[in-house]
Amino acid sequence: MATMPGQGLRHVTTMRPWLRTFRNSTSLASLQSHFTEDSEQAQPKTDKPSSYFPKRGQTLELVCESLAFKGKGMCKVADTGFVVMCDRALPGERFIGRVTRRKGNYAEVTKVKTISPHWDFVDAPCEYASYCGGCKTQNLSYEAQVKAKEHQVHELIIHFGKFSQTELESQSIMKPIVPCEIQFHYRNKMEFSFGSQKWLPRESLMDRQDGSDNYALGLHAPGFFDKVLNVDKCLLQSEPANMVLAAVQDCWRDPQLGLSPYDVYSHVGFLKHLMLRTGRNVKTGIPELMVNFVTSSYKPELLQPLLGKISAIPEVVSIVNNVNTSVGNTSLGEMEYTLYGKSSITENLRGLTFQISANSFFQTNTHQAEVLYKLIEDCAGLRGDGSEVVLDLFCGTGTIGLTLARRAKHVYGYEIIPQAIADACLNAKLNGIQNATFIQGDLNKIDESFGNNFPKPDIVISDPNRPGMHMKLIRFLLKLKAQRIVYVSCNPATCARDLDYLCHGVTEKGIEGCYKLKSIQPVDMFPHTPHIECVCLLELS
C-alpha cells in the first residue's frame, strides 16, 4: 500500500502560526453545526463591505485563517471581523469570494479566484481532487492536516465542552492527535454510482455529449444528487479495487451489452451502484476483493460480460448482485445473489476474524482501526481476570465489544440495525466467543425499563453516530454510574456537548454531572478528509 504519493512535491515546509494559535477562537466554536455545499459562481470583482453584515452576491477579498469543522475555511471580513466560511479555502490562502447566503452570525461564500495560494501547499496526486468532494485537503501537507484537526478538537472541547484551557493542560487531558501511517489506499470499501448525467466542470460544459457518451460511473459531484463525476481511479481504495473499476469502465458503455445506468428522474435503467470491498485471507494475508453490483432488477445475463472481465483479476473472490427495485437510489438490496465465488470475504482485526458480506458494517480503514481499538482497549482498563461487565452501546457488528470480550466477564451490545446485530452474532460464533450478547434496539427511545436485562456494567463503551447521544441516554448513564465510560466519537462537536452533559450536567433540566474527563485522544482515521475520530475516557467522580 502506498503511503504518500506527491509528498516530495511539497512547496512550503514551515509550520505556520495558525497551527498553534487560533485567533478569536470563539468564532470557530459557533460555526460547528451544519454547512452546505453551494455551487453558485461569481465574477472576480471586489467590493468594499458597506455594512457589518455582507450581502448576498457581494464579492470580498478574504484570507483563510483556519479550517473549521467539515473542512470549511474560516475567514474574516476586513475592518469588521465578520466571520465567513468558504468550502475548499485553506489556511493562508488569499482569494476573492462571493457571498451566497447568511446564517445568523456568519455567512457562506463561494471562492471565485485564488489570489495567492495557501500555506503548506503540496500538489494533489489525484486528478479529481479539485472537483471530488471526498478529499478536500489533498493539496494541504499531511502534517498540516493533522495539526488542523487536533486544533479543531481542542477548540471544541473548550467552547462546547466548557473545559478550561488550564484544566486541559495541567491534567494532560488533551493528547496529541494520532496520525495515520497510510495516507492513500487505506479504504477497504468504496461505493461508486452509475449515472445518466455526467458532471462536468463549468469550463467543459460546451463539450457535453449525448447518449452513452454522457453516462458516468464514479462519485456524485458535491451538491448534485443527479450528476456523477466520472472516475477511472480512486487513490483511497486498494490497487486491486482500481483494477476492477478500470475493467468495468472499459466496457460497460458498449451498446452491444445492453447496459444502462439508472436515471433518478425517469426511474428507468439497470445499473445503480458498483460497490468494492477489500479484505484479507486470514491464513495467507493475501487481499480478497468483493464486487457488488447494485441493480434495479435481477437480470444476471446482462452482467455476464462484466463478470468475465472481473473474475480474471486474481484478487476477486466474490461477485454478488444486490437487487434494489425501489425508486430510491440506495445501495442496500432487497435480495442478494452470488454470481461468482463466495458470498463473503474475511478480515482480521485485533486477532479476531470477521466475516464481511456485501452489506456488513465494518471499519472502513482496517489499518487505523487496529490503532483505534488498541486505544479503546487501553482506556477501558479491563483487569483481565474475567470479572467485569462491559456495556457496548451503538455496537454495530460488535467489533469493539468482541475485542474486549476476551478479558471481560460478559459483553452486552446494543444496536438499532438488525443486520448489524446478525453480523455481530455471526462474528462472535466465528471466533468462539460465548460471553457476548447482542440486542437490537433503538438507544434514542429507551425508557425506564432499559437496563433491566443486563447487570450493572463496570465499563460502558459508547460509539454513537454523528448526532451524538440522546438526552434520554445521557440521563440513563448518569443514573447508572458505571465506573468508566469510553466515549468514541466521529463528530467532535457533539462529542464535546455530550462530555459537558456527563461531566457538568444540564442545569436547566435539573441534571447533575457525575463524571471527570481523564483524557481525549484525537485519531485521524481518514486522511485528506475533514473527518476526525476521538477516544475519550471518563471516570466516575
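Within each chain, residue numbers correspond to sequence positions counted from 1 in written order. Totals for whole chains, interfaces and linings use every residue, but because this is a predicted model, local features are given only for residues with pLDDT of at least 70 and side-chain atom pairs only at 80 or more, for both listing and counting. Note: side-chain values were computed over all heavy atoms of the structure, leaving out hydrogens and water.

Taking every second residue as pointing to the same face, both faces of strand 3 (residues 83–86) are buried, with Val83 and Met85 on one and Val84 and Cys86 on the other. Relative to strand 3, strand 2 (residues 73–76) runs antiparallel, the two sharing four bridges. Bridging from a neighbouring strand, Cys75 pairs with Val84 of strand 3. Criterion used throughout: strands pair if DSSP finds at least two bridges between them. Only runs of H or I of at least four residues qualify as helices and only runs of E of at least two qualify as strands under DSSP, and these elements are numbered from the N terminus. Turn length for the strand 2-strand 3 hairpin, with the two strands adjacent in sequence and antiparallel, is six residues, and the turn residue Asp79 shows positive phi of about 75°. Bridge count for strand 3 against strand 5 (residues 106–116) is four bridges, and the pairing is parallel. Paired with Val83 across the strands is Tyr106, a residue of strand 5. Only protein chains enter the accessibility calculation, which uses a 1.4 Å probe; a residue whose area is less than 20% of its type maximum is buried, one above 50% is exposed, and one in between is partly exposed.

Here we come to the packing of aromatic side chains. Planes of paired rings set the category: under 30 degrees apart is stacked, over 60 is edge-to-face and the rest tilted, where pairs are Phe, Tyr or Trp rings (Trp by its six-membered ring) whose centres lie within 6.5 Å. Counted under the stated rule, the structure contains eleven aromatic pairs. Aromatic side chains Tyr414 and Phe454 sit 5.8 Å apart centroid to centroid with 65° between the ring planes, which places their arrangement in the edge-to-face category. Within this pair, whereas Tyr414 is found in strand 16 (residues 410–415), its partner Phe454 is found in the loop between strand 17 (436–440) and strand 18 (459–462), the two being separated by 40 residues in sequence. The pair formed by Tyr414 and Phe454 is uniform in burial state, with each residue classed as buried. Considering the side-chain rings of Phe450 and Phe476, the 4.8 Å spacing of their centres and the 65° angle between planes classify their relative orientation as edge-to-face. With Phe450 in the loop between strand 17 and strand 18 and Phe476 in helix 9 (residues 471–480), this residue pair connects regions lying 26 residues apart in the sequence. Take Phe450 and Phe476: they sit in the same class, and that class is buried. The ring of Tyr262 is capped by Lys272, whose NZ or CZ atom sits 4.4 Å from the centre of that ring. Note on criteria: charge over ring means Lys NZ or Arg CZ within 6 Å of the ring centre, with the direction from the centre no more than 35 degrees off the ring normal.

Let us now look at helix 5 (residues 300–310). Looking only at helix 5, the buried set comprises Leu302, Leu303, Leu306, Leu307 and Ile310. Burial along helix 5 is one-sided: seen end-on, the buried residues are contained in an arc of 135°. Where helix 5 is buried, its residues touch helix 4 (239–251), strand 9 (271–280), strand 10 (287–295), strand 11 (316–323) and strand 12 (335–341). Arc definition: directions from the helix axis to the C-beta atoms. Working rule for contacts: check all heavy atoms of both residues, and any pair within 4.5 Å makes them a contact.

Checked against the element boundaries, Ser193 lands in strand 6 (residues 189–195). Identification of polar contacts relies on pairs of N or O atoms within 3.5 Å, with a donor-acceptor requirement for protein atoms, meaning one able to donate a hydrogen and the other able to accept it, and with residues adjacent in sequence counted only if both atoms are side-chain atoms. Polar side-chain contacts of Ser193 include one of 3.4 Å to the side chain of His220. A distance of 3.2 Å separates a polar atom in the side chain of Ser193 from a polar atom in the side chain of His273. Among all residues touching Ser193, those that are not within four sequence positions of it are Ala216, Leu217, Gly218, His220, Val228, Lys272 and His273.

Our focus in this paragraph is helix 2 (residues 142–159). An ideal rise of 1.5 Å per residue puts 26 Å on 18 residues; helix 2 measures up with 26 Å between its terminal C-alpha atoms. Within helix 2, 14 of the 18 residues are buried, which leaves the element mostly enclosed by the surrounding structure. To estimate the expected span of a helix, count its residues, drop one, and scale the result by 1.5 Å.

Turning our attention to the side chain of Thr346. Among the secondary structure elements, Thr346 is positioned in strand 13 (residues 345–349). On the basis of relative accessibility, which here comes to 17%, the residue Thr346 falls in the buried class. If near-sequence neighbours (up to four positions away) are discounted, Thr346 is found in contact with Gly279, Arg280, Asn281, Val282, Glu288, Thr353 and Phe354.

This part takes up the sheet that holds strand 21 (residues 533–540). Pairing within the open sheet is mixed, and its seven strands lie in the order 17-16-15-18-19-21-20. Each edge of the open sheet is held by one strand with a lone partner, namely strand 17 and strand 20 (515–523). Averaged over all adjacent pairs, the angle separating strand axes in this sheet is 15°, with direction ignored. Two elements, strand 19 (residues 484–489) and strand 21, share six bridges in a ladder whose sense is antiparallel. Residue pairing in the sheet places Val486 in a bridge with Leu537 of strand 21. The strands that helix 8 (residues 418–430) touches are strand 16 and strand 17; relative to strand 17, the one it contacts most, it runs at about 170°. In this description, a line fitted to the C-alpha atoms serves as the axis of each element, helices being fitted only across the stretch in contact, and the angle between N-to-C directions of two axes falls anywhere from 0 to 180 degrees.

On to the pattern of salt bridges. For salt bridges, the criterion is a side-chain nitrogen of Lys or Arg within 4 Å of an Asp or Glu carboxyl oxygen. The full count for this structure, using the stated rule, is 19 salt bridges. Here Glu108 makes a salt bridge to Lys103, at a shortest N to O gap of 3.6 Å. A salt bridge links Glu388 to Arg484; the nearest nitrogen and oxygen atoms lie 3.6 Å apart. Placement of the pair is Glu388 in the loop between helix 6 (366–380) and strand 15 (389–393) and Arg484 in strand 19, with a sequence separation of 96 residues. Residues participating in the shared-partner salt-bridge network are Arg383, Asp385, Glu388 and Arg484.

Tracing the backbone through its elements, the reader meets Gly396 in the loop between strand 15 and helix 7 (399–405). Judged by its relative accessible area of 17%, Gly396 falls in the buried class. For the pair Gly396 and Ala422, spaced 26 residues apart in the sequence, the C-alpha separation amounts to 9.8 Å. Residue contacts for Gly396: discarding those within four places in its chain leaves Glu415, Ala420, Ile421 and Ala424.

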